[in-house]
Number of protein chains: 2
Amino acid sequence: MATGRNHRPATSRSRGIPDATVARLPLYLRALTALSERSVPTVSSEELASAAGVNSAKLRKDFSYLGSYGTRGVGYDVEYLVYQISRELGLTQDWPVVIVGIGNLGAALANYGGFASRGFRVAALIDADPAMTGKPVAGIAVQHSDELERVIEENGVSIGVIATPAASAQPVADRLVAAGVTSILNFAPTVLSVPEGVDVRKVDLSIELQILAFHEQRKSGELPDDGRAVPGTDIGEDAGGGVTGSPVAPPAASVTKRTASAAPAATDRRGDEPGNDGDLPAVMPA
Amino acid sequence: MATGRNHRPATSRSRGIPDATVARLPLYLRALTALSERSVPTVSSEELASAAGVNSAKLRKDFSYLGSYGTRGVGYDVEYLVYQISRELGLTQDWPVVIVGIGNLGAALANYGGFASRGFRVAALIDADPAMTGKPVAGIAVQHSDELERVIEENGVSIGVIATPAASAQPVADRLVAAGVTSILNFAPTVLSVPEGVDVRKVDLSIELQILAFHEQRKSGELPDDGRAVPGTDIGEDAGGGVTGSPVAPPAASVTKRTASAAPAATDRRGDEPGNDGDLPAVMPA
DNA sequence: ATGTCTTTGTGAACGCGTGCACAAAGATAG
DNA sequence: CTATCTTTGTGCACGCGTTCACAAAGACAT
Ligand SMILES: NC(=O)c1ccc[n+]([C@@H]2O[C@H](COP(=O)([O-])OP(=O)(O)OC[C@H]3O[C@@H](n4cnc5c(N)ncnc54)[C@H](O)[C@@H]3O)[C@@H](O)[C@H]2O)c1
Ligand SMILES: NC(=O)c1ccc[n+]([C@@H]2O[C@H](COP(=O)([O-])OP(=O)(O)OC[C@H]3O[C@@H](n4cnc5c(N)ncnc54)[C@H](O)[C@@H]3O)[C@@H](O)[C@H]2O)c1
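Source: prediction; values computed, not measured.

### Re the nonpolar core
Core analysis: the biggest nonpolar cluster contains 109 residues, and I85(A), F115(A) and I85(B) have the highest contact counts within it. Not counting chain neighbours up to four residues away, the residues in contact with I85(A) comprise L25(A), Y28(A), L29(A), L32(A), F63(A) and L66(A).

### Observations regarding the protein's contact with DNA strand C
Surrounding DNA strand C, one finds 29 residues, the nearest of these being S45(A), R72(A), Y76(A), K58(B) and K61(B). Sugar and phosphate atoms form 67% of the subset of DNA strand C atoms that lie within 4 Å of the protein. For DNA strand C, a base nitrogen lies 3.0 Å from a polar atom in the side chain of K61(A). Contact distances for DNA strand C include 2.8 Å between a phosphate oxygen and a side-chain N or O atom of R24(B). Broken down by secondary-structure element, the contributors of at least two residues to the surface near DNA strand C are α3 (56-66), β2 (70-71) and β3 (75-77) of chain A together with α1 (19-37) and α3 (56-66) of chain B. It is α3(B) that contributes the most residues to the surface near DNA strand C, 4 residues altogether. When its residues are assigned to classes, the surface near DNA strand C shows 8 nonpolar, 11 polar and 10 charged.

### Here's the deal with the site of ligand 1
Around ligand 1, 23 residues are found, and the nearest of them are N104(A), L105(A), D127(A), A163(A) and T164(A). Residue neighbours of ligand 1 fall on chains A and B, so the site bridges chains. Here a nitrogen atom of ligand 1 and a side-chain polar atom of S168(A) are 3.2 Å apart. L109(B) has a polar backbone atom sitting 3.5 Å from an oxygen atom of ligand 1. Coverage of ligand 1 by the protein amounts to 79% of the 830 Å² it exposes when considered alone. Residue assignment for the shell around ligand 1 shows that the elements contributing at least two residues are α5 (104-111) and α8 (166-179) of chain A together with α5 (104-111) of chain B. Looking at which element gives the most residues to the shell around ligand 1, the answer is α8(A), with 3 residues. A per-class count over the shell around ligand 1 returns 15 nonpolar, 6 polar and 2 charged.

### Describing the side chain of S158(B)
Considering the arrangement of structural elements, one finds S158(B) in the loop between α6 (148-155) and β8 (159-162). On the basis of relative accessible area, S158(B) is assigned to the buried category, the value being 11%.

### What to know about the packing of helix α1 (residues 19-37) of chain A against helix α8 (residues 205-219) of chain B
Following both chains from N to C, one finds α1(A) and α8(B) inclined at 125 degrees, their axes separated by 9 Å at the closest point. Here α1(A) lies oblique to α8(B), going by the angle between them. The element α1(A) and its partner α8(B) pack so that their crossing is right-handed. Residue-level inspection shows D19(A), V22(A), A23(A), P26(A), L27(A), L29(A) and R30(A) of α1(A) in contact with α8(B), the latter providing I207(B), Q210(B), I211(B), F214(B) and H215(B).

### Comments concerning the site of ligand 2
Taken together, 24 residues sit near ligand 2, with N104(B), L105(B), D127(B), A163(B) and T164(B) positioned nearest. At the site occupied by ligand 2, the surrounding residues belong to chains A and B. At 3.1 Å, a backbone N or O of A128(B) approaches a nitrogen atom of ligand 2. Here A166(B) contributes a backbone N or O atom positioned 3.5 Å from an oxygen atom of ligand 2. Alone, ligand 2 offers 820 Å² of accessible surface; in the complex the protein occludes 83% of this. When contributions to the shell around ligand 2 are tallied by element, the ones reaching two or more residues are α5 of chain A together with α5 and α7 (166-179) of chain B. By residue number, the principal contributor to the shell around ligand 2 is α7(B), which donates 3 residues. Grouping the amino acids of the shell around ligand 2 by side-chain chemistry returns 15 nonpolar, 6 polar and 3 charged.

Procedures and definitions
Residues numbered from 1 in each chain as written. Chains lettered and ligands numbered in written order. Predicted model: local features only at pLDDT ≥ 70, side-chain atom pairs only at ≥ 80, totals over all residues. Heavy atoms only, no water. Core = buried A, V, L, I, M, F, W, Y, C linked by side-chain atoms within 4.5 Å. Buried < 20%, exposed > 50% of the residue type's maximum accessible area, 1.4 Å probe, protein only. Contact = heavy atoms within 4.5 Å. Near = heavy atom within 4 Å. Polar contact = N/O pair within 3.5 Å; in protein donor to acceptor, adjacent residues only side chain to side chain. Helix = DSSP H or I, 4+ residues; strand = E, 2+ residues; numbered from the N terminus. Nonpolar A, V, L, I, M, F, W, Y, C, P; charged D, E, K, R; others polar. Areas by Shrake-Rupley, 256 points an atom, 1.4 Å probe, with all protein chains shown as cover. Axes fitted to C-alpha atoms, helices over the stretch in contact; angles between N-to-C directions. Parallel < 35°, antiparallel > 145°, perpendicular 65-115°, else oblique. Left-handed = near helix turned anticlockwise from the far one by under 90°.

What follows is the structure in structure tokens.
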């Protein structure tokens, strides 16, 4: 979630592809690539939609934003569509990427094949810990933070991945931006502030789990209690260096005396399907 | 993004909290927790919104769905709100979780502190590789896949995390569901099919990067080429990596006769390159 | 050519999410 | 108790995204 302004001047009216559509293109591409490997020549919107897990009407509308690449009565040419989507997403070019913070997660990311398989090339692995410098991870020697700016400039890196502790995320983001990076994928649980023109997308495992927990709670019985009732189980422990941490403490109702029954007994509305369709997976860049 | 059905009868009108709001609650909770640690008693919607990186009006509306916990002229009581949101998200209770696939990513997740800090407890680590069995990861001994059902039942696990290669994701999901899991967090790049009533959320690094690439491409110059134009243009730039094997070659728009399509880039590279575990979907239309 | 059958492309309706703007609630001062 | 000032809670309008439903484009058969 980009911290700075989050405006949408709707300036993108002419050739702009809807954000929701852009977010689905990679999904279609993946399905198409699989078909391509099986040498399937064409595919109908119905089949492809099924493979991508979406509605066929939605898929057709999405493709309509790219132009008319289908043939009525037949479907879409797989190879041609793979190319068109790849081009639209900018995957026909090479994107050098730097990963900052080579800890548990950073190392896993460096080893991840999903990078290279789509035109993303790990240009460098950066870590502030001197003990890490020179150490090979996924076949690449880790470089010290001091090299950050140089690496970015020399390789023309425009995409950076942050996998440092939360406390270091903002400073790292600032350096990345100052050095020329204009797109950041942030794994640290923090809201980053970046100047306009810089895109930030975040991946937060903790948030995903919390959303699941919410739905899970709905499925099996109602809320724990009215809320101002007894203190709940307290959950302590926390990983070091997180903005998070303090255990869930029972209420404290201060300020003005909380008139009781603030929580309106959740009416057991069962119509609410568990389908978490609407939830946005991540963030929509500005 | 649930894979299975994705409808929204809109039946949820009374007590249902909007999905978009639910997705933001963890964000507010994080900001509030930080304030709580600094012993800040109250906070205004403006301040909190800023800390969470959202619009203040949006935040107030979100909170309005939970009830009226604020005090006009003053703001919100931090401790009280932390408790209310935690309760709403179901964090006042303990959620045992199983992680399946203890490879690079799975191990990182097991070591992640964000789990425990919010009521999520790693009940077990499961891996199919016999060599991994018994091996301690993050202080927990890895168990063989055979133990999956037993572990789920004995611990009452309802949330499962999949970090196996894409090809194994669906089978693992099936077993998880059969054993009683009703919420799945999937890290494998595949569309999962699950019965109604089971929530699936996915985290796909590759998709995030592709979305960033799309915007990045827009920022610096337009598309490589019109695309609809005659193929053969030097778009063939295509970095060595290319999009998953098929060398993103401008396929001819065989709108009518698709002859050569039968022999399209005969999957030359085998998914062994330092990055191609199983990125491709194994799911096919019914 | 003409007819039939399949599947695309999209107009239109609808619902959700966002953000503005403001009345009202309540704190605080006099 | 009254006045003023701060900040919430929300009615309302708007735009985006989703989905339906269907005309028409084109393949294919005769
Ligand atoms: N491990 C996970 O599964 C997981 C999941 C979601 C989010 N996260 C988040 O990702 C981040 C990293 O997690 P982790 O488990 O890998 O932590 P980690 O402690 O294992 O690794 C962090 C690494 O960052 C380096 N680092 C610290 N400050 C730095 C700086 N200023 N510049 C460059 N490098 C710096 C450290 O030397 C260390 O190697 C954390 O913010 C965590 O909350 C982790
Ligand atoms: N590493 C990353 O940063 C990253 C990022 C995004 C997505 N992913 C995806 O996450 C998944 C795991 O990635 P990884 O890098 O950890 O891969 P990995 O190969 O290191 O680990 C996979 C693990 O799963 C185990 N496994 C295989 N089949 C299994 C089964 N049926 N049941 C239980 N365990 C099984 C393997 O023994 C192995 O230990 C992949 O699908 C990958 O595409 C990884």
